Protein chains: 2
Amino acid sequence: MANLLEINGVFEADEDAYDGVKVQINEPMDSNHFVTMLRASISQWRIQGKRGVWIKLPIDHANLVNAAVKEGFWYHHAEPTYLMLVYWIPEIPHTIPANASHRVGIGALVMNDNGEVLVVQEKNGAFKGTGVWKMPTGVVDEVNDDFESFSYLFVINCNKILTKSKSSKQQGEDICVAAVREVQEETGIKAEFIELLAFRQSHKSFFGKSDLFFVCMLNPLSYKIQKQDSEIKGAQWMDMEEYAAQPFVKKHEMFNKIAEICLAKKKNKYNGFSKELMTSAFSAKKNYLYFNH
Amino acid sequence: MANLLEINGVFEADEDAYDGVKVQINEPMDSNHFVTMLRASISQWRIQGKRGVWIKLPIDHANLVNAAVKEGFWYHHAEPTYLMLVYWIPEIPHTIPANASHRVGIGALVMNDNGEVLVVQEKNGAFKGTGVWKMPTGVVDEVNDDFESFSYLFVINCNKILTKSKSSKQQGEDICVAAVREVQEETGIKAEFIELLAFRQSHKSFFGKSDLFFVCMLNPLSYKIQKQDSEIKGAQWMDMEEYAAQPFVKKHEMFNKIAEICLAKKKNKYNGFSKELMTSAFSAKKNYLYFNH
């Protein structure tokens, strides 16, 4: 790989916009040799005024983790296939950016022309055994492949790597897309995103990370339910009022408020946020902006 | 630690609600001994019908990473002080939950009674050198301490650990709190959160992770600006119309739309989402629900 060229015993590194350098280890390496090169590299980067040093270690090269840690590196983040280590050269406090902090979930209010909502009972999870009929819910899919994400950072120096790896990658999932997907997966119902009704932020929900949960209103495009058997115990259309009147919903403040919002929406007395695809300022990417139209 | 008791050469593990087991390594260990115990443990867990196996390795025990990977573990996530490894025992596809996928940022529209908004120029980052006056922005603080988050998962079996470690931990930050904090940090202006006006979801913004950016409207509680010198080049109150008329804002679809929303808000012709603190259904925690009141 172009970015692991060894020049005079120093790692060839890519530079970022914050005086940082990035090294990706792509070939097997003896840990003693790794340490020798790392020390020589850091000495050179220090003279050059570099600040953060990133090392991306694919899981195949886990033999180098301990050596990097002994040299003063710490963990920044990890994905199934790699570990990202980081080091800070200057004598001042580091400004290394934080890791991803939130998981994003959706709940789907699918309401048909009869004022019925699509509800499910789950086989597992927190609602197991409660008998509660709930909206289909799920987690927004994240990016699965890791290489592009890193190579994206060296786009300035390594356009070829970005281009080469881009086609096979999965993009992170939009909230409006996740809601449609989860409804179809759990119930077989095709639907279209209409509006975001509300969202909740919670903390320490999973490994100390935070959680954002978006309640989306969808318009069904089919009627016949074909439930997914492995996760879903039952699925049906239910009067919105009956959903809202369930003792579990009435009893819990958050569920009750969301049900109230859904009832208001049914009566056309509520405006949420709808979506609009827009070009970003600093790239050619299109992103959704959600607002009250 | 109670959860690293060795009984008959097998790791003492805590169980989760999904037939998973969790081991936390708290003491130095030879990697050969670790592997012997790990193999014996997995054999036993397999017989017991366990599925996911989690190993939390503090960075002090990085010497065991390579051994765990050789035994078939992969990386789930990492924070500065630890690496979480995971393994799946059954012959069926794993159902290990995903890692956090999003970073959460805020932009603050602070509008005073004269219809002026608080704007800044940044010394670094994407706006550097553009001359654009922009809203204060920042990233929602994440949880810094890692231990409680893991111990939280064994609350069923290990109440003591949870209780013991809880008091010293930092909670993840609420969006409404982050907006107030960033405004004060960058400009010295005290403000209160009023409403969420819009949000944008983008992908592959940082290490392949996604990004949620929330535009918050704040009411200023002070007037005199004291800018933060290290990041902020300038800060001032500016007519909302003047802000919106900047060529950079006009030129970029996303900025222009957000400026339009802010102008509509100034004329009281826009409703965003305000916040309400509510008790969650499955814990005693209070979380914010954001909706159109």
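Residues numbered from 1 in each chain as written. Chains lettered and ligands numbered in written order. Predicted model: local features only at pLDDT ≥ 70, side-chain atom pairs only at ≥ 80, totals over all residues. Heavy atoms only, no water.

**Some details on the sheet that holds strand β5 (residues 52–58) of chain B**
Residues and elements named next belong to chain B.
- Strand order in the open sheet formed by 5 strands is β3-β4-β5-β7-β6, with mixed pairing between adjacent strands. Because the sheet does not close on itself, it has two edges, and the strands there are β3 (14–15) and β6 (74–79).
- Note that β5 and strand β7 (residues 82–88) share 7 bridges and pair antiparallel. The residue of β7 that forms the bridge with Trp 54 is Val 86.
- The strands touched by helix α1 (residues 31–47) are β4 (21–24), β5 and β7; relative to β5, the strand with the most contacts, the crossing angle is about 155°. (Pairing = 2+ DSSP bridges. Helix = DSSP H or I, 4+ residues; strand = E, 2+ residues; numbered from the N terminus. Contact = heavy atoms within 4.5 Å. Axes fitted to C-alpha atoms, helices over the stretch in contact; angles between N-to-C directions.)

**A few points about the relation of the copies chain B and chain A**
- Its rotation angle being 180°, the transformation that places chain B on chain A also includes 0.0 Å of axial translation and leaves an RMSD of 0.0 Å. The superposition operator between the copies reduces to a two-fold rotation axis. (Least-squares fit on C-alpha atoms with pLDDT ≥ 70 in both.)

**Side note on unusual backbone geometry**
- Non-glycine residue Asp 19 of chain A carries a positive phi angle of around 60°.
- Tracing the sequence through the fold places Asp 19 of chain A in the loop between β3 (14–15) and β4 (21–24).

**Examining the side chain of Lys 257 of chain A**
- Along the chain, the position of Lys 257 of chain A falls in helix α8 (residues 253–266).
- In this structure Lys 257 of chain A touches Glu 276, Met 278, Leu 289 and Phe 291 of chain B, once residues within four positions along its chain are discounted.

**Observations concerning the environment of Leu 277 of chain B**
- With respect to the element layout, Leu 277 of chain B can be found in strand β14 (residues 274–279).
- The exposure class of Leu 277 of chain B is partly exposed, given its relative accessible area of 40%.
- Here Leu 277 of chain B is in contact with Glu 253 of chain A together with Lys 286, Asn 287 and Tyr 288 of chain B, once residues within four sequence places are set aside. (Buried < 20%, exposed > 50% of the residue type's maximum accessible area, 1.4 Å probe, protein only.)

**Section: helix α8 (residues 253–266) of chain B**
Residues and elements named next belong to chain B.
- Taking 1.5 Å per residue as the helical rise, α8 with its 14 residues ought to reach 20 Å, and the 20 Å between its terminal C-alpha atoms agrees with that figure.
- Of the residues making up α8, those classed as buried are Met 254, Asn 256, Lys 257, Ile 258, Ala 259, Ile 261, Cys 262 and Lys 265.
- Positive backbone phi, at 60°, marks Asn 268, one or two positions downstream of α8. (Expected span 1.5 Å × (residues − 1).)

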